[in-house]
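Structure at a glance
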Amino acid sequence: MTDEQPNDAIAPEAIDPSRPGIRPGGIGLTDDFIMAVRFFSRLPTGSIPHQKPELNRIAMALPLASLAIGVGPALLLLGGGLVGLPGYFAAALAVGAMVLVSGAMAEDALADAADGLFGGQSPARRLEIMKDSRHGTYGVAALCLFIMLRVTGLGAVAASSPLAAAAIWLAASIAGRSGALWLVVALPAARPDGLAATAGAVSGRSFAVGAVFAVLLLFVLGGPATNLLALGLAIAAALAVMAGWSALCRRLVGGQTGDLIGALGALVEIAVLAALLPFA
């Protein structure tokens, strides 16, 4: 998530119920699922009119939306391993596919967040740097490390068990997106005009519902390939990263932005992978 705009831009007329021929979107799990998929990916979602993104609604449907977003790249990783591609090669293809499907939201957010938090000397300057679409040294380094960690970690496991690598990655990506929204619960918006602010707050209840679904999917997907100890470590690692990142954002900028939320998703994904991969 960045502060520029969601991946699927929303035309004003698409959310104006007063215009002839345009019906307002509904409210329900299906509509929330579509809203989440449109916000976090470039996957086609049909001709249903767009609605203004509401993070509180997205939070509960996000685990299922993340499953839909990640299943294609995960199957590419699995299929590449099954047809004999080297593990690292298959992992690189799959990570590239995830970048395309997600519109590079996590990658862009992580790079912007790294530049802003570590390149600025004051909260105002850090926010200014994050809003700049150009990436500096910190951002490029963070982006490269994020991609390298996913490719090398998944590739090493895929060399011996493509199914385990695909399942673990899918579980980690679901946990990452859902865990990222904790920042919206924990901190106020650092900018009143940013995307995170306009998309609204997330209640503790909505976040908890989404988190429970994410944990269930973590057990269903990651459990068969690992064990209970690994799953417990993954949850602990995710919680530690969420708490640490929230404290850092509070101290350095006094709140949250879309970039900081997206960066937390990337960090939680890596934390879960780091906990699960050694047991695969």
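Not measured: the values here are computed from a predicted model. Every chain is numbered independently, its residues counted from 1 as its sequence is written. Since the coordinates come from a predicted model, pLDDT governs what is reported: local features require at least 70, and pairs of side-chain atoms require 80 or more to be given and counted, while whole-chain, interface and lining totals use all residues. Side-chain measures here rest on the full set of heavy atoms in the structure, leaving out hydrogens and waters.

**Some points on the pattern of salt bridges**
Side chains bearing opposite charge may pair, as long as their charged atoms lie close to each other. The working definition used for a salt bridge is a side-chain nitrogen of Lys or Arg within 4 Å of a carboxyl oxygen of Asp or Glu. For the coordinates displayed, the defined rule picks out six salt bridges. Residues Glu 128 and Arg 125 are paired through a salt bridge, measuring 3.3 Å at the closest nitrogen-oxygen approach. Taken together, the positions of Glu 128 and Arg 125, both in helix H5 (residues 123-131) and three residues apart, correspond to about one turn of that helix. Classification of Arg 125 by relative accessible area gives partly exposed; the value is 39%. For the salt bridge of Glu 269 with Arg 150, the shortest nitrogen-to-oxygen distance reads 3.5 Å. Note that Glu 269 is positioned in helix H12 (residues 258-276) and Arg 150 in helix H6 (residues 137-158), a separation of 119 residues in sequence. In this structure, a network of salt bridges that share partners links the residues Asp 32, Glu 54 and Arg 57. Secondary structure elements are defined from DSSP: runs of H or I of at least 4 residues count as helices, runs of E of at least 2 residues count as strands, and each element is numbered from the N terminus. Three exposure classes are used, based on accessible area relative to the maximum for each residue type with a 1.4 Å probe and protein chains only: buried under 20%, partly exposed in between, and exposed over 50%.

**Describing empty space enclosed by the protein**
Here a cavity is any set of points on a 1 Å grid over the protein atoms alone where a 1.4 Å probe fits but cannot get out, and a pocket is any open set with protein on both sides within 12 Å along at least 5 of 7 lines; a residue lines the site when it has an atom within 4 Å of a point. Grid points are joined across faces, edges and corners, and a volume is the space filled by probe spheres set on the points. In this structure the tally under the stated criterion is two cavities of 30 Å³ or more. Empty space within the largest cavity amounts to approximately 210 Å³. For the largest cavity, the lining is made up of 18 residues, of which Ala 106, Arg 177, Gly 262, Gly 265 and Glu 269 are closest to its centre. Secondary-structure elements contributing two or more residues to the lining of the largest cavity are helix H3 (87-102), helix H4 (105-119), H6, helix H7 (162-180) and H12. In terms of residue count, the dominant contributor to the lining of the largest cavity is H12 (five residues).

**What about the environment of Val 202?**
Structurally, Val 202 is set in the loop between helix H9 (195-198) and helix H10 (204-222). Those residues within four positions of Val 202 in sequence are excluded, and the remaining contacts are Leu 55, Asn 56, Ala 59, Val 184, Val 185 and Phe 207. Should any heavy atoms of two residues lie within 4.5 Å, those residues are counted as being in contact.

**Section: the confidence of the model for the protein chain**
Scored between 0 and 100, pLDDT is the confidence that the predictor attaches to each residue. Looking at the protein chain, the pLDDT average stands at 89 and 89% of residues meet or exceed 70. pLDDT under 50 marks residues 4-25. Its contacts with residues more than four places away, or in other chains, come to 35 contacts.

**A look at the nonpolar core**
As used here, the term nonpolar core means buried Ala, Val, Leu, Ile, Met, Phe, Trp, Tyr and Cys residues forming a set that is joined through side-chain atoms within 4.5 Å. Leu 77, Trp 245, Leu 260 and Val 272 are the most contacted members of the largest nonpolar core, which has 77 residues in total. Residues in contact with Trp 245, not counting those within four places in the same chain, are Ala 113, Leu 117, Leu 183, Leu 260, Ala 263, Leu 264 and Leu 267.

**Describing H5**
Every buried residue of H5 is accounted for by Arg 126, Leu 127, Ile 129 and Met 130. The buried residues of H5 all sit within an arc of 160 degrees when viewed along its axis, so they share a single face. Of the exposed residues in H5, the ones pointing more than 90 degrees away from its buried face are Ala 124 and Glu 128. Residues of H5 that are buried make contact with H4, helix H11 (228-252) and H12. Directions pointing from the helix axis toward each C-beta atom define the arc.

**Things to note about the packing of aromatic side chains**
The pairing test for Phe, Tyr and Trp rings, Trp by its six-membered ring, is centres within 6.5 Å, and the orientation test on the planes gives stacked under 30 degrees, edge-to-face over 60, and tilted for anything in between. Enumeration over the complete set of coordinates arrives at three aromatic pairs. Measuring from centroid to centroid gives 5.2 Å for Phe 39 and Phe 40, while their planes differ by 70 degrees, and the two rings are edge-to-face. You can call Phe 39 buried: its relative accessible area is 2%. Overall, the relative accessible area of 9% leaves Phe 40 in the buried class. Only Lys NZ and Arg CZ are tested; either one counts as a charge over a ring when it is within 6 Å of the ring centre and within 35 degrees of the ring normal. Above the plane of the ring of Phe 146 lies Arg 150, whose end atom (NZ or CZ) is 3.9 Å from the centre.

**With respect to unusual backbone geometry**
Positive phi values are uncommon outside glycine, yet Ala 104 reaches one of about 55 degrees. The topology assignment puts Ala 104 in the loop between H3 and H4. Of the residues examined, Ala 104 reaches a relative accessible area of 23% and is grouped as partly exposed.

**Here's the deal with helix H1 (residues 29-40)**
The end-to-end C-alpha distance of H1, which contains twelve residues, comes to 16 Å, matching closely the 16 Å that a straight helix rising 1.5 Å per residue would cover. Restricting attention to buried positions, one finds in H1 the residues Asp 31, Asp 32, Ile 34, Met 35, Ala 36, Val 37, Arg 38, Phe 39 and Phe 40. To estimate how far a helix should extend, the number of its residues minus one is multiplied by 1.5 Å.

**Re the packing of H4 against H11**
Direction vectors running N to C along H4 and H11 enclose 50 degrees, while the axes themselves pass 11 Å from each other. On the basis of their axis angle, the class for H4 and H11 is oblique. When you trace H4 past H11, the crossing you get is left-handed. Across from Ala 113, Leu 117 and Phe 118 in H4, the residues of H11 making contact are Trp 245, Leu 248 and Leu 252. Each residue gets one label: Ala, Val, Leu, Ile, Met, Phe, Trp, Tyr, Cys and Pro are nonpolar, Asp, Glu, Lys and Arg are charged, and the others, such as Gly, are polar. Partitioned by chemical class, the residues of the contact of H4 with H11 number six nonpolar, no polar and no charged. Geometry is summarised by axes, namely lines fitted to C-alpha atoms with helices restricted to the contacting stretch, and by angles between N-to-C directions that run from 0 to 180 degrees. Should an angle lie under 35 degrees it is considered roughly parallel, over 145 roughly antiparallel, and from 65 to 115 roughly perpendicular; all remaining angles are considered oblique. Here is the rule for handedness: rotate from the far helix to the near one, and if that takes an anticlockwise turn smaller than a right angle the crossing is left-handed, while a clockwise turn gives right-handed.

**Section: the side chain of Arg 38**
Tracing the backbone through its elements, the reader meets Arg 38 in helix H1. Judged by relative accessible area, which is 7%, Arg 38 ranks as buried. Pairing of N or O atoms within 3.5 Å defines a polar contact, subject to two protein rules: one partner must be a possible hydrogen donor and the other a possible acceptor, and residues neighboring in sequence count only if both atoms are side-chain atoms. Of note is the side chain of Arg 38, whose polar atom sits 3.5 Å from the backbone oxygen of Gly 46. For Arg 38, the side chain forms a polar contact with the main-chain oxygen of Pro 49, separated by 3.4 Å.

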